[in-house]
Amino acid sequence: MYTTNVYAEAQPQQFATELGGFPVQVRAVPVQYAWDYGDGSALGPTELSGAPLEEGAWDVETDTSHVYAETGDYAVTLTTWFYGEYSVAGGPWLPVAGLNDVVSAPVPISVWRSTVRNYADDCLQNPQGAGC
């Protein structure tokens, strides 16, 4: 079985609004992640967000990767927890109590298995060969 890599690209976010006639800035910073791999396995919560593999790389184990035991279609879901702060009318940044969690829409994946065979000739040279 091969390793399937998953990772999050959550970024800090900042929002502006108004409350009681005062300008309010709110910012949210991702601090924890949890993956539901869709096969009964999960990872997290963890501070590890994972990372994409280098181009052309495959079957590389990462901090957030998973090995599926069976072929099939699965839905991977990510929950991200954000730490929040706010500032009223340009004042100091103040913490928002607790963390806010956001669950992503499930991402469908298909896990396949393939068989590789090497041949020394083609079907013209060996009409009785596999696949001919």
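Higher on the page you've got the structure.
Quick look at the structure, then. (Residues numbered from 1 in each chain as written. Predicted model: local features only at pLDDT ≥ 70, side-chain atom pairs only at ≥ 80, totals over all residues. Heavy atoms only, no water.)

With that out of the way, let us pick up the overall build of the protein. Looking only at helices and strands, the protein has zero helices and eight strands in total. Against the 2.2 N^0.38 benchmark of 14 Å for 132 residues, the protein shows a C-alpha radius of gyration of 24 Å, more extended than a compact globule. Along the three orthogonal principal directions, the C-alpha set of the protein runs to about 85 × 25 × 20 Å. Looking at the protein residue by residue over its 132 residues, the buried ones come to 22%. (Helix = DSSP H or I, 4+ residues; strand = E, 2+ residues; numbered from the N terminus. Rg over C-alpha atoms; globule rule 2.2 N^0.38 Å. Buried < 20%, exposed > 50% of the residue type's maximum accessible area, 1.4 Å probe, protein only.)

A cluster of nonpolar side chains, contributed by Phe22, Tyr86, Val88, Leu94 and Val96, occupies part of the molecular surface with about 400 Å² of accessible area. Of all elements in the fold, only strand S6 (72–88) and strand S7 (94–103) reach the threshold of two or more residues within the nonpolar patch. Assignment of secondary structure puts Phe22 in strand S3 (residues 22–36). Judged by its relative accessible area of 47%, Phe22 is partly exposed. (Patch = residues over 30% accessible without salt bridge, like charges linked within 9 Å, V, L, I, M, F, W, Y side chains within 5 Å. Areas by Shrake-Rupley, 256 points an atom, 1.4 Å probe, with all protein chains shown as cover. Salt bridge = Lys/Arg side-chain N within 4 Å of Asp/Glu carboxyl O.)

For strand S2 (residues 13–19) and S3, the ladder comprises seven bridges, and the chain directions are antiparallel. Paired with Glu18 across the bridge in S3 is Pro23. The hairpin turn running from S2 into S3, its antiparallel successor, is two residues long, and Gly20 in that turn takes a positive phi close to 60 degrees. (Pairing = 2+ DSSP bridges.)

On to the pairing of S6. The pairing of S3 with S6 spans 12 bridges and is classified as antiparallel. Bridging across to S6, Val29 finds its partner in Tyr83. Bridge count for S6 against strand S8 (residues 107–111) is five bridges, and the pairing is antiparallel. By the bridge assignment, Gly72 is partnered in S8 with Val111. Both S6 and S7 contribute to a ladder of seven bridges, which runs antiparallel. Across the sheet, the residue bridging to Trp81 is Asp101, located in S7.

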